[in-house]
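Here is how the chains run, residue by residue.
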Amino acid sequence: MVSQTLREARKYEETMEKCIGEAARPAFHLCPRVGWMNDPNGFSFYKGEYHLFYQYYPYDSVWNQMHWGHAVSRDLLHWTYLPAALAPDTAFDKDGCFSGSAVELPDGRQLLIYTGVVKEPLVDGSFREIQTQCIAVGDGRDYEKYSGNPVLDGESLPEGGSRSDFRDPRIWMEEDGTYRCVVGNCTENHDGRILLYESRDGLCWDFVSILAENKNRFGRMWECPDFFELDGKYVLLTSPQDMMPRGFEYHNGNGTLCLIGSYDRENHVFVQEQDQAIDYGIDFYAPQTVLAPDGRRIMIGWMQNWDTCNLRDTKHVWFGQMSLPRELSIKNGRLFQRPVRELDAMRGREVRYENVAFEGITRLPGVTGRRIDMELVLHVDESLQGERGLQKFAVRFAQDDVCHTAVSFRPHESLLKIDRKFSGSRRAFIHQRRSLVPVRDGKLKLRMILDRFSAEVFVNDGEQTLTLTFYTDQSAEGISFYSDGRAVMDVVKYDLC
Ligand code: FRU
């Protein structure tokens, strides 16, 4: 039975999407059918297709009562919208269907587990949120909420757990056919932790352990956990709120955190060995992964950050995009990300230059565009030779007479910076971010993917990524290279079509 609330949302999105021209959306990054989008939810492979749900408010381009939007794809790049999957329409989720995940049941149905939010009035007239975990089961299009909801509530919390910060269940099936899920939570002092639960049927859940604890190291509440095995290690991804900066690794505000380590199966605890940011750019948060049928672990994130949502184009009746889906691997104790290989099939016209030596500003014929895949190798060792060795190198893109966005590198500091302050923004907030990047074998490698309103920079074959959005007029499609001192580079550029 489709509720009135969901029926209305479906009708609204179907009507309103017609007002959005194809060119007013990103070409191969998912944005909401209409209205607002945040976190990826229920990222899964089901009945021969990838399903991606998302935090969704169709009626406005700002966050409000959360629904789940829904889209499917065969190649992770071309998405087809399906009708909204969930609306806040029961006693357990009347104030929002927050983030969650999906798993296929043995009978072929798909189970969604998500956070139901209810606002509870307090004596002083204010409210506090109560968050519980709820279930809906369906066929890949329509989902019915489970009559036994919620399946996890305050009773399911270990001692001292906050009932207001208990969200974002991430479910998976173990080899023996039983289920596990991790849920974000914090203590009464707002210190983040990840809880592990188990279930035989996906409906009835038991608390297992506190899988990991923040202990006041990385921000406060930990949102949107994901936990999986990768290249012989265990990886815990989470998005902490209220981070404090640490060198160039973590920045203030909402951040992303990747913990790499092992899993102590006896005590059900994660044993951490390394920590790092997931993305070093401006707009990336709340990523979720899927295990593809061919064994790849693929991650997609919300290509925004709560602290930077003010940069927007008011012309658009949508807001929020997903990042490119990225293949994950671990090398030398670090998380590596590369754009899904499906992107290679979209590569069109190739333009190639080798050993371009220059100083000052240069442009390369054929190197332009706002939907491109560009690989750039800066020969740092060679560039540093001679009288006027390289001081600073920059690529400027989405450029016209007035605007550009830039990626720049200072070899003497090993700092890479992204900067969108000249992208056409009239607001004063975060427009830059810097990251410490190593030069490897005398080279700095940058792969840049541009798609109308965003740029994703993959550094040194995916050792680091920097992601940002911008809304420069689409006619600004120039690319130029700047060098203070001598630079030597190779450039290969493909149009993406
Ligand atoms: C993360 C988040 C989640 C929550 C959702 C609400 O971006 O805050 O913790 O479930 O967004 O839309």
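First things first, this report covers the structure right here in the doc. (Residues numbered from 1 in each chain as written. Predicted model: local features only at pLDDT ≥ 70, side-chain atom pairs only at ≥ 80, totals over all residues. Heavy atoms only, no water.)

A separate point is the overall build of the chain. Per the secondary structure count, the chain includes 2 helices and 31 strands. By the compact-globule yardstick of 23 Å for 497 residues, the chain fits well, its C-alpha radius of gyration being 23 Å. Seen through its principal axes, the chain has C-alpha atoms that stretch 70 × 50 × 50 Å. Buried positions account for 61% of the 497 residues belonging to the chain. Across the chain, contacts joining residues at least 24 apart in sequence account for 59% of those joining residues at least 6 apart. Of the roughly 20,000 Å² of accessible surface on the chain, 46% is carried by carbon and sulfur atoms. Each charge class in the chain was averaged separately, 59 positive and 74 negative side chains, and the resulting centres sit 5 Å apart. (Helix = DSSP H or I, 4+ residues; strand = E, 2+ residues; numbered from the N terminus. Rg over C-alpha atoms; globule rule 2.2 N^0.38 Å. Buried < 20%, exposed > 50% of the residue type's maximum accessible area, 1.4 Å probe, protein only. Contact = heavy atoms within 4.5 Å. Areas by Shrake-Rupley, 256 points an atom, 1.4 Å probe, with all protein chains shown as cover. Lys, Arg positive; Asp, Glu negative; His and termini not counted. Charge placed at Lys NZ, Arg CZ, Asp CG, Glu CD.)

Before going further, it helps to examine the environment of R163. Looking at the element boundaries, R163 is found in strand β9 (residues 161-173). In this structure the C-alpha to C-alpha distance between R163 and G255, which are 92 residues apart in sequence, comes to 22 Å. Every residue in contact with R163, bar those within four places of it in the chain, is listed here: R128, E129, I130, Q131, G154 and L157.

Let us now look at the pattern of salt bridges. Opposite charge on two side chains permits them to pair, given that their charged atoms come into close proximity. Enumeration over the complete set of coordinates arrives at 37 salt bridges. Ionic pairing is found between D107 and R109, a salt bridge with its closest N-O pair at 2.8 Å. Here D107 falls in the partly exposed class, since its relative accessible area comes to 48%. Between R447 and D344 there is a salt bridge, with the nearest N and O atoms lying 3.9 Å from each other. Here D344 lies in the loop between β21 (334-339) and β22 (347-362) and R447 lies in strand β28 (residues 443-451), a separation of 103 residues in the sequence. (Salt bridge = Lys/Arg side-chain N within 4 Å of Asp/Glu carboxyl O.)

This part is about the site of the ligand. Residues in close proximity to the ligand total 13 residues, the closest being D39, Q55, D168, E223 and W306. At 3.0 Å from an oxygen atom of the ligand is found a side-chain nitrogen or oxygen belonging to N38. E223 places a polar side-chain atom, nitrogen or oxygen, 2.8 Å from an oxygen atom of the ligand. With the chains in place, 96% of the 320 Å² that the ligand exposes on its own is no longer accessible. Secondary structure elements with two or more residues in the shell around the ligand: β1 (35-46), β5 (97-104), β9 and β13 (222-230). The class makeup of the residues in the shell around the ligand is 6 nonpolar, 3 polar and 4 charged. (Near = heavy atom within 4 Å. Polar contact = N/O pair within 3.5 Å; in protein donor to acceptor, adjacent residues only side chain to side chain. Nonpolar A, V, L, I, M, F, W, Y, C, P; charged D, E, K, R; others polar.)

Attention now goes to helix α1 (residues 4-16). Helix length check: α1, at 13 residues, gives a terminal C-alpha distance of 18 Å against a target of 18 Å (1.5 Å per residue), a fit within 8%. Restricting attention to buried positions, one finds in α1 the residues L6, A9, R10 and E13. Along the long axis of α1, the arc covered by the buried residues comes to 100°, so they all point the same way. (Expected span 1.5 Å × (residues − 1). Arc of directions from axis to C-beta.)

Glancing now at the packing of aromatic side chains. Think of a pair of aromatic rings as described by two things: how far the centres are apart, and how the planes are tilted against each other in angle. Under the counting rule described, the total for this entry stands at 23 aromatic pairs. Between the aromatic rings of F227 and F270, the centroid separation amounts to 5.9 Å while the plane-to-plane angle is 90°, which identifies the pairing as edge-to-face. Of this pair, F227 sits in strand β13 while F270 sits in strand β16 (residues 269-276), and the two are 43 residues apart along the sequence. In terms of burial, F227 and F270 fall into one category: buried. Each member of the aromatic cluster is reached from another via a ring pair, and the members are W172, F227, Y234, Y263 and F270. The positively charged end of K331 is found above the aromatic ring belonging to F336, 4.5 Å away from the centroid. A cation over a ring is seen here: R396 above Y482, with NZ or CZ 5.1 Å from the ring centre. (Phe/Tyr/Trp six-rings, centres within 6.5 Å; stacked < 30°, edge-to-face > 60°. Lys NZ or Arg CZ within 6 Å of the ring centre and 35° of its normal.)

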